[in-house]
Amino acid sequence: MKKSIAISPNIETLFGTRDENLRVLEDGLNVNIDLRSDSLQIEGTPGDVSRAEQVFADYDHLHRSGHVFTNGDLNSMLRVLVADPKATLRGLAEAGKVRSFGRRTVQPKSLNQRRYLDAIENYDMVFGVGPAGTGKTYLAVAMAISALLSKRVNRIILARPAVEAGERLGFLPGTLQEKIDPYLRPLYDALYDMLEPEKVDRYLEKNVIEIAPIAFMRGRTLNDSFVILDEAQNTTSEQMKMFVTRLGFNSKAVITGDVTQIDLPSARRSGLLEAVDVLKQVEGLNFVYFDEGDVVRHHLVQRIIRAYDEHKVRLAEGQMSLLDAKPAANGKSQQAARPLDLHRDITPLPTMETEG
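Note that the structure is predicted; figures quoted are calculated from it, not measured.

K.L.:
Could you give me a rundown of unusual backbone geometry, with the residues and numbers involved?
P.N.:
Phi is positive for Lys 151, close to 60°, though the residue is something other than glycine. Its place among the elements puts Lys 151 in the loop between α7 (136–149) and β5 (155–160). Residue classification places Lys 151 among the exposed positions, given a relative accessible area of 72%. A positive phi angle is found at Asn 207, which is not glycine, with a value near 60°. On the secondary structure map, Asn 207 appears in the loop between α9 (197–205) and β6 (209–213). Taking relative accessible area as the criterion, Asn 207 reaches 49% and is therefore assigned partly exposed.

Below you can see the structure in the form of structure tokens.
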């Protein structure tokens, strides 16, 4: 099926740098888009052509209503749109308007990120599990700020286990707060990225936003709060149970972690791994899993994560092949070690004839 649609003013903005957005639509919707002097020709199956046509109609509506796409948001929305048959460009853009993220406009850049934001809105406890760079912590902080600014909660509490990533830092100088601040720096970075520095400092001073190690959570009941536990893979079983039972009335909790980057001593099992097993059937909470396709950092990060995953698979296959080879080797050794049978294993010497 072929269909021509008229080119509306400023439609070229939709095409993206070097037509990258058109390529996203062509690859994701299985259509061919041909730019003519006064029209666009779309070729594909009727359903795919209809979806592509809807994208152009939605863009025209959003542009006329004054919507401005920034920071690659349009490309991100198109990637979500082609991955989710139910999504529309207009719906994604208007959903972003509803949430207030301070001075930042935050749009999900993948289907799993969209599911993550929807889960945080609809569930009181959400686990976000996946590799580095997938936006788990950043999006959780954004949703916490949105809830605070819209007065749905009274405070934000950000917690993190104070565990070194392989090094032994020893005794750090300064007060208790100065000792633990290096472990919590990524949470500060996300806050300062979304709010004006003066507002962040004021919130921290008044304890409207509290950042602390998970050890400080014991014995507390957190009401009217948005609570985030970051780097949850480095919690022990006891710490995780303690944290998930802190939730009070009118509160939300988001637990994020990457199970491939556990820095606990080898004898300790990660509290996040245990929680995934224990709580997966509990009603009222939700698990969202990310993969390398959700990485929103430098494009090299996706390739690096994929290389490590492939290396892990190769190691596992090598170990399995060694285990399979052991029974055969054991059989040979048992055969070699059986008792000596004089009648079967020793060849008799030839008899010597003597001259009489």
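Still to come is the rest of the account.
K.L.:
Hey, could you go over the pattern of salt bridges for me, with residue numbers and the actual values?
P.N.:
One pass over the full model with this rule turns up 7 salt bridges. Asp 60 serves as the salt-bridge partner of Arg 64, at 3.0 Å between the closest nitrogen and oxygen. Of this pair, Arg 64 and Asp 60 both sit in helix α3 (residues 46–64), separated by 4 residues, roughly a single helical turn. By relative accessible area, which is 63% here, Arg 64 ends up exposed. Close ionic contact of Asp 230 with Arg 160 constitutes a salt bridge, the shortest N to O distance being 3.0 Å. On the criterion of sequence distance, the pair formed by Asp 230 in the loop between β7 (225–229) and α10 (237–244) and Arg 160 in strand β5 is long-range, its members being 70 residues apart.

K.L.:
I'd like a rundown of a negative patch on the surface, residues and numbers included.
P.N.:
A contiguous patch of negative charge on the surface is contributed by Glu 196, Glu 198, Asp 201 and Glu 205. Locating Glu 196 in the fold gives a position in the loop between α8 (176–194) and α9.

K.L.:
Explain the sheet that holds strand β3 (residues 39–43) residue by residue, including any values.
P.N.:
Strand-to-strand pairing in sheets goes through backbone hydrogen bonds, with the strands running parallel or antiparallel. Spatially, the 3 strands line up as an open sheet ordered β1-β3-β2, and their pairing is antiparallel. Of all strands in the sheet, those bounded by a partner on one side alone are β1 (2–6) and β2 (32–35). Strand after strand, the sheet turns through a mean of 20° between neighbouring axes, direction not considered. As paired strands, β1 and β3 are joined by 5 bridges and run antiparallel to one another. In the sheet register, Ala 6 faces β3, and the bridge partner there is Ser 39. In this fold α3 packs onto β1, β2 and β3, with an angle of close to 150° to the strand it touches most, β3.

Calculation criteria
- Residues numbered from 1 in each chain as written.
- Predicted model: local features only at pLDDT ≥ 70, side-chain atom pairs only at ≥ 80, totals over all residues.
- Heavy atoms only, no water.
- Helix = DSSP H or I, 4+ residues; strand = E, 2+ residues; numbered from the N terminus.
- Buried < 20%, exposed > 50% of the residue type's maximum accessible area, 1.4 Å probe, protein only.
- Salt bridge = Lys/Arg side-chain N within 4 Å of Asp/Glu carboxyl O.
- Patch = residues over 30% accessible without salt bridge, like charges linked within 9 Å, V, L, I, M, F, W, Y side chains within 5 Å.
- Areas by Shrake-Rupley, 256 points an atom, 1.4 Å probe, with all protein chains shown as cover.
- Lys, Arg positive; Asp, Glu negative; His and termini not counted.
- Charge placed at Lys NZ, Arg CZ, Asp CG, Glu CD.
- Pairing = 2+ DSSP bridges.
- Axes fitted to C-alpha atoms, helices over the stretch in contact; angles between N-to-C directions.
- Contact = heavy atoms within 4.5 Å.

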